Amino acid sequence: MPTFTDRLAAAVLEKRSPLMVGLDPRLAQLPDPVRPAGGATLVEAADAYRLFCCGVIDAVADFTPIVKPQAAFFEQLGPAGMAALGAVIEHARGAGLLVCVDGKRNDIGSTAQAYADGWLGDQSPWKADALTVSPYLGDDSLEPFTKVAAERDAGLFVLVKTSNPGGGLFQDRVSDGQPLFRRVGEHIESLNAAAPGEHGYGVAGAVVGATYPEQLAHLRAAMPHTWFLIPGYGAQGGTAADVAGGFADGGLGAVVNSSRGVIFAHEKRGGDWQDAVRAAAEEAAAELGEASGL
């Protein structure tokens, strides 16, 4: 099987779209046809999340190569929520989309191994194509993830320079003459340069926010073998111009996440909620495709 980044590159080229759609369901914002009445039980809320996210997937499948369910919103609903997450992952894969679970997992030793074993690849119970992870427990905490991902042709996206305003408190802290996020980026790039796939990208991607376009462009130049996941576009204030510096020549090297701006498009557009989602995804895909040079 091709590597995760090679499959992602092929899907981006096929759809001429670097759009990643984030699946972040919130009960109060669900459209009327799928939102349960007030006082919904956890089971009812979980079923609404399943119906909504599967409906979003059906609406955006023509315009995105990959979706990113945010595990926290499903975990919030307990066991029923996790069952819904499993159904959403299965539906997305059935629609021909790649799936990156946004769980930001990590730990040391056998616990990191268990996370990697449980989430990554067709051999895992969850069957995620990729997983977001934190690097801040050190290189030995990343090793189980990179090893399992490589063995199973799965992928990772490691937090490097995040889009939230408070991220700089630690990530921008200077150590040995450079900010911490640069040191993390150097380590991730070294892993990828040692074992690139057909399109030149390794197993460990990087999360780099659209809200810091100068750092994004600098990291792109410094990390040529690393595929980027770029959050912060749309509702968080990042623009297509802001993310342009995150792409490599030919429009590859990055996917740009949009969650609220796509999945809750019915709040601004009205009409059928899936039609609104589809239109928002189509517009975002076109805008990002142009910014990337696809």
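Look up a bit, the structure's there.
This write-up is about the structure you can find in this document.

Definitions and limits used
- Residues numbered from 1 in each chain as written.
- Predicted model: local features only at pLDDT ≥ 70, side-chain atom pairs only at ≥ 80, totals over all residues.
- Heavy atoms only, no water.
- Core = buried A, V, L, I, M, F, W, Y, C linked by side-chain atoms within 4.5 Å.
- Buried < 20%, exposed > 50% of the residue type's maximum accessible area, 1.4 Å probe, protein only.
- Helix = DSSP H or I, 4+ residues; strand = E, 2+ residues; numbered from the N terminus.
- Contact = heavy atoms within 4.5 Å.
- Polar contact = N/O pair within 3.5 Å; in protein donor to acceptor, adjacent residues only side chain to side chain.
- 1 Å grid on protein atoms, 1.4 Å probe; cavity = no way out; pocket = protein on both sides within 12 Å on 5 of 7 lines; lining within 4 Å.
- Points joined across faces, edges and corners; volume = space filled by probe spheres on them.
- Nonpolar A, V, L, I, M, F, W, Y, C, P; charged D, E, K, R; others polar.

**Some remarks on the nonpolar core**
- In this structure, Val21, Leu23, Phe52, Val56, Leu120 and Phe228 are the most contacted members of the largest nonpolar core, which totals 73 residues.
- Element by element, the count of residues in this core is highest for helix 2 (residues 42–60), at 11 residues.
- Residues in contact with phenylalanine 52, not counting those within four places in the same chain, are Pro25, Leu30, Pro31, Val34, Ile263, Phe264 and Trp273.

**Some words on the side chain of glutamine 178**
- With respect to the helices and strands, glutamine 178 occurs in strand 7 (residues 178–179).
- A relative accessible area of 13% places glutamine 178 in the buried class.
- A distance of 3.5 Å separates the side chain of glutamine 178 from the side chain of glutamate 186, its partner in a polar contact.
- Once you skip the residues sitting within four places of it in the chain, glutamine 178 turns out to touch Arg173, Arg183 and Glu186.

**Some remarks on the side chain of threonine 64**
- Locating threonine 64 in the fold gives a position in the loop between helix 2 and strand 2 (66–69).
- In this structure threonine 64 comes out as buried when scored by relative accessible area, which is 0%.
- A distance of 2.5 Å separates a polar atom in the side chain of threonine 64 from the backbone oxygen of leucine 19.
- With residues near it in sequence (within four places) discarded, threonine 64 still touches Lys15, Ser17, Leu19, Met20, Val21 and Leu97.

**Section: unusual backbone geometry**
- Not every positive phi belongs to a glycine, and aspartate 153 is a case in point at roughly 55 degrees.
- Note that aspartate 153 resides in the loop between helix 6 (139–152) and strand 5 (155–161).
- One non-glycine residue, aspartate 176, lies in positive phi territory at about 55 degrees.
- Relative to the elements of secondary structure, aspartate 176 occurs in the loop between strand 6 (174–175) and strand 7.
- With a relative accessible area of 69%, aspartate 176 lands in the exposed category.

**Topic: the layout of surface pockets**
- Counted as a void, the largest pocket has a volume near 480 Å³.
- Taken together, 24 residues line the largest pocket, and the ones lying closest to its centre are Asp102, Lys104, Ser163, Pro231 and Gln236.
- Of all elements in the fold, only strand 3 (98–105), strand 10 (254–258) and helix 11 (260–263) reach the threshold of two or more residues within the lining of the largest pocket.
- Partitioning the lining of the largest pocket into residue classes produces seven nonpolar, 11 polar and six charged.
- In this structure, the second largest pocket occupies an estimated 340 Å³ of space.
- If you trace the second largest pocket, you find 17 residues lining it, with Ser258, Gly261, Val262, Arg269 and Ala280 closest to the centre.
- Secondary structure elements with two or more residues in the lining of the second largest pocket: helix 11, helix 12 (266–269) and helix 13 (273–292).
- Top element by residues in the lining of the second largest pocket is helix 13. It accounts for four residues.

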